[in-house]
Amino acid sequence: MRWNSPITELKGIGPKSAEAYHRLRIETVGDLLSWFPKKYDTFEAERPIADAREGRLVTLLGTFSGNPRVITTGKGMTILTCTFRDVSGTIAAKWFNAPFLRKQISQAKYVLLRGKISRDRGGLCILQPEIYTPERYREMMKTLRPVYGLTAGLTKTSVAKAVADALRQCEIPDPMPVSMRKELRLWSLKDAYEEVHFPKSEETTKEAIRRLAFDEFFRFLVGIRSVKEQTEVIPNRHPAFMTEYANRIVRSLSYALTGAQERCFQEIAEDLRGESPMQRLLQGDVGSGKTVIAEMALATIAEAGYQGCLMVPTEVLAKQHFAELCRRFEPLGISVGLLTGSMTAAEKRTVREAAEKGEIRVLVGTHALFQQSVGLPELGLVVVDEQHRFGVEQRRKLTDKGVTPHVLLMSATPIPRTLAMMLYADLDISLLDEMPGERLRIKTAVVDGGYRPKAWKFLEEHVRAGEQCYVICPLIEESDGLEANNVSDYAEQLKEALPDLRIGLLHGRMSASSKNEVMEAYAAHDYDILVSTTVIEVGIDVANATVILIEDAERFGLATLHQLRGRVGRGNKQSYCILVQGSDSDEARERLTVLQTAADGFAIAEKDLQMRGPGDFFGIRQSGDNVFRIADPIRDAEVLTLAKRTVDSLTKEQYAKAVKLCLADNDTNVVY
Ligand code: ADP
Ligand code: MG
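Residues numbered from 1 in each chain as written. Chains lettered and ligands numbered in written order. Predicted model: local features only at pLDDT ≥ 70, side-chain atom pairs only at ≥ 80, totals over all residues. Heavy atoms only, no water.

## Digging into the overall build of the protein chain
A tally of regular secondary structure across the protein chain gives 24 helices and 20 strands. Within the span of the protein chain, comprising 672 residues, buried residues form 55% of the whole. Restricting to contacts in the protein chain with at least 6 residues of sequence separation, those with at least 24 account for 75%. (Helix = DSSP H or I, 4+ residues; strand = E, 2+ residues; numbered from the N terminus. Buried < 20%, exposed > 50% of the residue type's maximum accessible area, 1.4 Å probe, protein only. Contact = heavy atoms within 4.5 Å.)

Spelled out as structure tokens, the structure:
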């Protein structure tokens with residue numbers, strides 16, 4: 001079995017599970033092996049009974065007191081109950097349909113119970129807890145259990161089995177010569193894949209990640225270097241100064257540009273006037289106003305007689321940008337086109353033809369732009385928004401067509417400048433380090449579930465004042481066994497609690513077009529509250545939204561929370577972010593509290609890293625918005641340096657070989 005073999009070659013994967021994997025874009029055995037756990041679960045230390053809070057998963061240490069009781073309900077279900085006690089208090093432990101536990105409980109001495117705290121008529125109880133001896137539990141605390149971002153139709157067990165089969169049967173050739181591996185102290189690829197999926201310890205898992213991160217950085221750096229090496233000259237067919245269009249855009253704005261925006265645009269304009277292709281990264285925190293700079297750059301290239309295109313990660317964003325560009329570019333006589341995955345073949349064809357004929361001067365689109373060839377014969381500028389979602393390969397595919405255009409990457413990923421310079425090699429970097437004008441700082445609070453009714457009231461008050469709100473839930477189904485709030489259920493509950501508010505629902509399993517409809521309706525204020533998964537995360541801009549409530553906030557990385565929080569506070573009204581903590585952990589609270597005081601993405605990213613404990617040294621993966629699947633430039637700075645040095649020291653032949661392999665369409669590993 002090979003890396004590129006279809007996943008259906010694995011035993012036990014029929015059409016049905018293949019369909020489920022397909023939804024996760026896992027088609028080949030290699031895709032499956034590169035589908036890394038999003039985090040590792042660990043067994044947490046025990047806590048006193050007195051600290052138990054409803055809805056949380058806890059571990060208690062104590063003894064059973066009194067005799068276990070078994071009752072049988074009318075429906076024939078048995079409920080086994082026993083009181084559990086520690087020095088701080090007592091709590092009822094309950095098991096359904098498990099009368100056989102009675103004997104074990106009667107004989108148990110000092111044990112640990114791990115389960116979810118619930119409330120019933122008698123007060124708090126711990127439901128269906130697992131029972132461990134202290135020795136066993138100490139052992140368990142050393143282990144890591146991989147958690148995958150599952151979807152309907154896949155279970156923890158079925159995935160573990162498929163991955164184990166794949167590891168056993170698939171050849172994983174290691175492209176790295178053994179001598180090099182030894183020198184760099186890196187694991188073999190096969191060992192690394194085995195370890196990330198079936199971790200033995202925290203230390204060994206870190207080693208595995210180190211190897212896999214190295215490969216990712218290596219590919220990325222080779223890609224960047226290859227883009228950089230395209231140095232054909234752009235025939236200059238524009239007058240030396242093109243400022244007319246950009247100036248007209250600035251004049252049409254209802255606000256003045258910040259100093260940083262002006263400086264960044266000047267840097268870009270300078271490049272656009274030059275003769276060699278721009279390779280620039282525009283980095284600026286969420287809400288720093290990157291969009292308008294992109295618009296000015298696109299207008300400038302249009303003024304110079306070239307075509308431009310704008311790539312964005314999601315369809316919703318593409319539409320939003322398209323609408324805004326149409327508005328701004330119409331008075332300038334620049335025709336704008338939109339190309340997205342969900343358009344019909346005929347619609348796409350019309351747009352493509354118009355682009356090829358040069359009738360469309362600026363084209364906005366999603367990945368679809370890359371996937372099928374789009375002819376933009378006079379392409380002069382490619383702007384990639386939230387570039388961290390795009391692979392270098394895809395970018396290159398586009399630049400391969402015709403003249404090398406200028407490339408402007410825009411990113412809100414807060415990585416320190418030194419690391420950015422390493423990753424993006426000699427890309428020029430423009431830093432938007434000033435937030436627009438009268439922004440009020442978003443007031444942020446960390447609360448627990450008990451505060452929810454008050455929080456909902458708070459949302460209601462703001463809706464009554466004509467504002468809009470977001471509610472973010474982590475998962476749309478309980479498929480990975482964690483207690484996640486189900487988005488749909490949540491929306492129903494909210495509707496019941498606030499019956500006269502208009503509540504919209506958005507999640508990743510909806511079709512692109514229904515997502516668009518909901519987003520558009522929300523933007524048009526046809527909804528007051530949008531209950532959503534993190535699909536709204538990137539770039540959405542609704543200035544009237546002032547409150548965002550995030551459930552189970554500790555399950556997100558701080559950087560993601562910061563991005564999410566950036567969905568509000570985009571206008572000049574005071575905005576709020578309510579972080580509802582779903583788990584009973586002081587570390588989680590401490591981590592979340594960082595957001596109460598820190599408003600700056602860089603500071604937050606660094607804090608995030610410092611505070612990562614065992615189990616989430618994966619950093620609670622940012623939901624898919626990274627270039628990297630496993631590597632993390634901040635955490636893996638050492639490996640990044642190593643990879644950079646390696647790529648820089650490749651001989652011409654080695655490098656040519658690496659480029660060929662890195663840029664091949666399939667996701668196989670690189671040969672060094
Ligand atoms: P991001 O950098 O996250 O992409 P956007 O470009 O979406 O940020 O800008 C966020 C919001 O700030 C938008 O509503 C935009 O119209 C507004 N904005 C941008 N620049 C300024 C400015 N100089 N003054 C006031 N508001 C601005
Ligand atoms: Mg943006």
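## A closer look at the environment of threonine 300
When you line up the elements, threonine 300 lands in helix H11 (residues 290–303). In sequence terms threonine 300 and isoleucine 268 are 32 residues apart; their C-alpha atoms lie 9.9 Å from each other. Not counting the four nearest positions on each side in its chain, threonine 300 is found in contact with Met242, Ala246, Phe265 and Leu272.

## Structural notes on unusual backbone geometry
Its identity is not glycine, yet asparagine 97 carries a phi of approximately 50°, on the positive side. Among the structural elements, asparagine 97 can be located in the loop between strand E4 (89–96) and helix H3 (101–107). Looking at asparagine 97, the relative accessible area reads 44%, which means it is partly exposed. Its identity is not glycine, yet aspartate 552 carries a phi of approximately 45°, on the positive side. Tracing the backbone through its elements, the reader meets aspartate 552 in the loop between strand E19 (545–550) and helix H20 (558–565). For aspartate 552, a relative accessible area of 7% corresponds to the buried category.

## Structural notes on the site of ligand 1
Residues in close proximity to ligand 1 total 16 residues, the closest being Gly287, Lys290, Thr291, Arg439 and Arg570. Take glycine 287: an N or O atom from its main chain is 2.6 Å from an oxygen atom of ligand 1. Lysine 290 places a polar side-chain atom, nitrogen or oxygen, 2.8 Å from an oxygen atom of ligand 1. In the complex, the protein chains occlude 86% of the 570 Å² of accessible area that ligand 1 would expose alone. Here the shell around ligand 1 is built from residues that sort into 5 nonpolar, 6 polar and 5 charged. (Near = heavy atom within 4 Å. Polar contact = N/O pair within 3.5 Å; in protein donor to acceptor, adjacent residues only side chain to side chain. Areas by Shrake-Rupley, 256 points an atom, 1.4 Å probe, with all protein chains shown as cover. Nonpolar A, V, L, I, M, F, W, Y, C, P; charged D, E, K, R; others polar.)

## Focus on the packing of H20 against helix H21 (residues 586–597)
Two packed helices can be described by the angle between their axes and the distance between those axes. At a minimum axis distance of 11 Å, the contact between H20 and H21 shows a crossing angle of 40°. Taken together, the axes of H20 and H21 lie oblique to each other. Where H20 crosses over H21, the two elements pack in a sense that is right-handed. Along its contact with H20, which presents Leu558, Leu561, His562 and Arg565, the element H21 presents Arg591, Leu592, Val594 and Leu595. Its residues placed into classes, the contact of H20 with H21 shows 5 nonpolar, 1 polar and 2 charged. (Axes fitted to C-alpha atoms, helices over the stretch in contact; angles between N-to-C directions. Parallel < 35°, antiparallel > 145°, perpendicular 65-115°, else oblique. Left-handed = near helix turned anticlockwise from the far one by under 90°.)

## What to know about the sheet that holds strand E3 (residues 78–86)
The strand order around the closed barrel built from 5 strands is E2-E3-E4-E6-E5, with neighbouring strands paired in mixed fashion. In this sheet, neighbouring strand axes are inclined to one another by 50° on average, regardless of whether the strands run parallel or antiparallel. By the bridge criterion, 3 bridges tie E4 to strand E6 (residues 123–132) in an arrangement that is parallel. Across the sheet, the residue bridging to alanine 92 is cysteine 125, located in E6. (Pairing = 2+ DSSP bridges.)

## Examining the nonpolar core
If you look at the biggest cluster of nonpolar residues, it comprises 70 residues, and the most contacted ones within it are Phe329, Leu381, Tyr470, Ile550, Leu561 and Leu579. If one sorts the elements of this core by residue count, H11 sits on top with 9 residues. A domain-level breakdown of this core finds at least three residues from each of domain 2 (253–432) and domain 3 (443–598). (Core = buried A, V, L, I, M, F, W, Y, C linked by side-chain atoms within 4.5 Å. Domains from an automatic or database assignment.)

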